[in-house]
Amino acid sequence: MAAPSQPHKSTYDVIVVGAGIQGSFTAYHLAQRHKDTLLLEQFLLPHSRGSSHGQSRIIRSAYPQQHYSRMMPDCFRLWQQLEAETGATLYRQTGLLVLGPPGEPELEACRRSLGVHELLDAAALAQRFPGFQLPAGQVAVLDSTAGVLFADRALRAVQEVFRRHGGTLRDGEKVLRIKPGATVTVTTPAGVYRAPRLVITAGAWTGAFVEQLGLSLPLQPLRIDVCYWREKQPGSAALGSVSPCFLTLGLSQAPHGIYGLPSIEYPGLMKVCHHHGSPTDPEKRDQVPSSAPCSDIAILSSFISSYLPGLETQPAVRETCLYTNTPDGDFILDRHPKFSNVIIGAGFSGHGFKLAPVVGKLLCELSLGEEPSYDVAHFAITRFPGVLGAAQ
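For the structure given in this document, a descriptive report is provided here. For clarity, every value in this text was computed on a predicted model and none was experimentally measured.

## Considering empty space enclosed by the protein
Turning to step 1, where the next piece is worked out: Applying the stated rule across the entire model yields one cavity of 30 Å³ or more.
Turning to step 2, where the next piece is worked out: Reported here for the largest cavity is a volume of approximately 40 Å³.
Turning to step 3, where the next piece is worked out: With four residues, the single largest contributor to the lining of the largest cavity is helix α3 (residues 72-86).
Turning to step 4, where the next piece is worked out: Across the lining of the largest cavity, the residue classes tally to four nonpolar, one polar and one charged.

## Here we look at the packing of helix α1 (residues 21-32) against helix α9 (residues 356-367)
Turning to step 1, where the next piece is worked out: The interhelical angle for the contact between α1 and α9, taken along N-to-C directions, is 55°, at an axis separation of 7 Å. Here α9 runs oblique to α1, going by the angle between their axes. Classified by chirality, the crossing of α9 by α1 is right-handed. Residues Ile-21, Gln-22, Phe-25, Thr-26, His-29 and Leu-30 of α1 form the contact with α9, whose participating residues are Ala-356, Pro-357, Val-359, Gly-360, Lys-361, Leu-363, Cys-364 and Ser-367.
Turning to step 2, where the next piece is worked out: Tallied by class, the residues present in the contact of α1 with α9 amount to eight nonpolar, five polar and one charged.

## Focus: the nonpolar core
Turning to step 1, where the next piece is worked out: Counting residues in hydrophobic clusters, the biggest one holds 49 residues, and the most contacted among them are Ile-21, Phe-25, Trp-79, Leu-82, Phe-331, Leu-333 and Leu-355.
Turning to step 2, where the next piece is worked out: Those elements giving two or more residues to this core turn out to be β1 (14-17), α1, α3, α6 (151-164) and α9.
Turning to step 3, where the next piece is worked out: Leaving out residues up to four positions away in the same chain, Leu-333 has contacts with Ile-344, Gly-345, Phe-348, Val-359, Leu-362, Leu-363, Leu-366, Val-376 and Phe-379.
Turning to step 4, where the next piece is worked out: Counting residues in hydrophobic clusters, the runner-up holds 32 residues, among them Ala-195, Leu-215, Leu-217 and Leu-322.

## Describing the side chain of Glu-104
Turning to step 1, where the next piece is worked out: Turning to its location among the elements, Glu-104 is positioned in the loop between β5 (96-100) and α4 (105-114).
Turning to step 2, where the next piece is worked out: Buried charge without a partner: Glu-104 forms no salt bridge, and the closest opposite charge is Arg-112, 9.3 Å away.
Turning to step 3, where the next piece is worked out: In contact with Glu-104, not counting residues within four places along its chain, are Leu-249 and Gly-250.

## Examining the sheet that holds strand β7 (residues 147-150)
Two orientations exist for strands paired in a sheet by backbone hydrogen bonds: parallel and antiparallel.
Turning to step 1, where the next piece is worked out: Spatial ordering of the open sheet is given by β3-β7-β4, a layout of three strands whose pairing is antiparallel. Two strands in the sheet have a free side with no partner beyond their single neighbour: β3 (56-59) and β4 (91-93). Neighbouring strand axes in the sheet, compared pairwise and without regard to direction, differ in orientation by 25° on average.
Turning to step 2, where the next piece is worked out: Here three bridges tie β4 to β7, and the two strands are oriented antiparallel to one another. Within β7, the position partnered with Gln-93 by the bridge is Gly-147.
Turning to step 3, where the next piece is worked out: Seen against the sheet, α6 touches β3 and β7 and runs at an angle of roughly 55° to β7.

## Overview of the sheet that holds strand β11 (residues 191-195)
Turning to step 1, where the next piece is worked out: If you trace the three strands from one edge of the open sheet to the other, you get β9-β10-β11, paired in antiparallel fashion. At either margin of the open sheet sits one strand with a lone partner, and together these are β9 (177-179) and β11. Across the sheet, the mean angle from the axis of one strand to that of its neighbour is 20°, orientation sign disregarded.
Turning to step 2, where the next piece is worked out: When strand β10 (residues 184-188) meets β11, the two strands line up antiparallel, connected through five bridges. Bridged to Thr-185 within β11 is Arg-194.

## Comments concerning the pairing of β10
Turning to step 1, where the next piece is worked out: Burial analysis of β10 places five of its five residues in the buried class, the great majority of the element.
Turning to step 2, where the next piece is worked out: Neither face of β10 is exposed, since Val-184, Val-186 and Thr-188 on one face and Thr-185 and Thr-187 on the opposite face are all buried.
Turning to step 3, where the next piece is worked out: Across three bridges, the pairing between β9 and β10 is antiparallel. The partner of Ile-178 across the bridge, within β10, is Val-186.
Turning to step 4, where the next piece is worked out: Between the antiparallel neighbours β9 and β10 lie four residues, among them Gly-181 with a positive phi of about 155°.
Turning to step 5, where the next piece is worked out: The antiparallel pairing of β10 with β11 creates a hairpin that spans two residues between the two strands.

## Observations concerning the packing of aromatic side chains
Turning to step 1, where the next piece is worked out: Scanning the model with the defined rule gives 15 aromatic pairs in all.
Turning to step 2, where the next piece is worked out: On the numbers, 5.6 Å between centres and 70° between planes, the contact of Phe-43 with Trp-205 is edge-to-face. Highlighted residues: Phe-43 in the loop between β2 (37-40) and β3 and Trp-205 in the loop between β12 (197-200) and α7 (206-212), separated in sequence by 162 residues. Trp-205 matches Phe-43 in its accessibility class, with the two residues each being buried.
Turning to step 3, where the next piece is worked out: Seen in terms of ring centroids, Tyr-63 and Tyr-68 are 5.1 Å apart; in terms of plane orientation they differ by 35°. Their pairing is tilted.
Turning to step 4, where the next piece is worked out: On the accessibility criterion, Tyr-68 (0% relative accessible area) is buried.

## Let's talk about the pattern of salt bridges
Close approach of charged atoms lets side chains of opposite charge pair.
Turning to step 1, where the next piece is worked out: On inspection of all chains with the given rule, the structure shows ten salt bridges.
Turning to step 2, where the next piece is worked out: Among the ionic pairs, Glu-160 bridges to Arg-164, the shortest N-O distance being 2.5 Å. Within this pair, Glu-160 and its partner Arg-164 are both found in helix α6, separated by four residues, close to a single helical turn.
Turning to step 3, where the next piece is worked out: With relative accessibility at 39%, the residue Glu-160 sits in the partly exposed group.
Turning to step 4, where the next piece is worked out: Ionic pairing is found between Arg-383 and Asp-328, a salt bridge with its closest N-O pair at 2.7 Å. With Arg-383 in the segment after α9 and Asp-328 in the loop between β18 (317-325) and β19 (332-335), this pair connects stretches of sequence that are 55 residues apart.

Reading the values: the criteria
- Along every chain, residues carry numbers that run from 1 in the direction the sequence is written.
- Local features are withheld for residues below a pLDDT of 70 in this predicted model, meaning they are given only at 70 or higher, and side-chain atom pairs are given and counted only at 80 or more; totals for whole chains, interfaces and linings count all residues.
- Side-chain measures were taken over the full set of non-hydrogen atoms in the model, leaving aside hydrogen atoms and water.
- Cavities and pockets are found on a 1 Å grid laid over the protein atoms alone: a cavity is a set of points where a 1.4 Å probe fits but cannot escape, a pocket is an open set with protein on both sides within 12 Å along at least five of seven lines, and a lining residue has an atom within 4 Å of such a point.
- Grid points are joined across faces, edges and corners, and a volume is the space filled by probe spheres set on the points.
- A run of H or I in DSSP becomes a helix once it reaches four residues, and a run of E becomes a strand once it reaches two; helices and strands are each numbered from the N terminus.
- Only Asp, Glu, Lys and Arg are considered charged in this grouping, and only Ala, Val, Leu, Ile, Met, Phe, Trp, Tyr, Cys and Pro are considered nonpolar; every other residue, Gly among them, is considered polar.
- To obtain each axis, a line is fitted to C-alpha atoms, and for helices this fit is confined to the stretch in contact; angles are then taken between N-to-C directions over 0 to 180 degrees.
- When an angle is under 35 degrees it counts as roughly parallel; over 145 it counts as roughly antiparallel; between 65 and 115 it counts as roughly perpendicular; any other value is oblique.
- Helix crossings fall into two classes, left-handed where the near helix is turned counterclockwise from the far one by less than a right angle and right-handed where it is turned clockwise.
- The criterion used for residue contact is that any of the two residues' heavy atoms lie within 4.5 Å.
- Note on terminology: a nonpolar core comprises buried Ala, Val, Leu, Ile, Met, Phe, Trp, Tyr and Cys residues joined through side-chain atoms within 4.5 Å.
- Relative accessibility thresholds used throughout: buried, under 20% of the residue-type maximum; exposed, over 50%; partly exposed, between the two (1.4 Å probe, protein chains only).
- Positive residues here are Lys and Arg, negative ones are Asp and Glu, while His and the chain termini are left out of the count.
- In the sections that follow, a salt bridge refers to a side-chain nitrogen of Lys or Arg positioned within 4 Å of a carboxyl oxygen of Asp or Glu.
- A strand pair is defined by DSSP finding two or more bridges across the two strands.
- Any two rings among Phe, Tyr and Trp, with Trp reduced to its six-membered ring, count as a pair given centres within 6.5 Å; such a pair is stacked if its planes are under 30 degrees apart, edge-to-face if over 60, and tilted if neither.

So this is what it looks like as structure tokens:
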């Protein structure tokens, strides 16, 4: 993807390893700050081997954790800014329903984060959104700000603006070695690059990179099955592209949660997925199993029978994606404990895409030695015991 006219220079102000959505937004912010930035990607772009591919992601204001809900107004603003910079439509407002039992702590925290008081019971939900059917005794909270981000389009847009601001993007260059120091040296098959600052946003490969730097982070790559379910009556107004996104909290039959998006990617197919997966080696990303784990499909089929009766109960299309989870589901956004000019952004745990504009800003600020725009205590490496000993 690197333009033929780009010089193959070796020295930069900052090197960013990993051109998924988090690394690309980090590079975007650095370039806008007039930092000569190199963004390296191991695969040829576009590709589907990581966590940032696909056509759609949910964006929402509703978050149980305040440290994320506080960031969302800035995220919406920055996504809109990127739309204005590129002229591309990156967001469709659909609304989002948070479904679960009344009084469920995370559902109540979402309601508080939205500042809404209304809870929809089964009757009210069926009247307002006929495609959804709540079991008796459950409730829904509506996030009217929420919608769908067009993921592939968004990734291209942020990379386009990065390059427009003078950034260098080199794809098909796998990082072989990182040598820390006052000047960090990064070696790829194509050459050796040097910079006083390095940002690692390598998704499921981050653990292996930081092991080179004496750090052992509790990052678990998971292979997630992304399932699409056919409408029984194609073009149904109740379940078509005008229906809201949704997510579940506190359901005993789906403790990891289920989420869904309207039929935007494939006409007549609604995206409904279990927020859960199987441990995997990212180097074996293309070795897709012949079927999703039976338990996940069974959980989804049962959920659809109860909550979305307008859909068939077996998936019509299955794709895969990678999550890289931390034990607590919070991100890692921090300086290396020994090498303060090496910044790590990792562990986005399947919910990071929407937050990428602010994550990129925070990683940019950390790399420049500035006070972060938001409190990053929740994202500190030191919250995990035992990772620092290896870094001494």
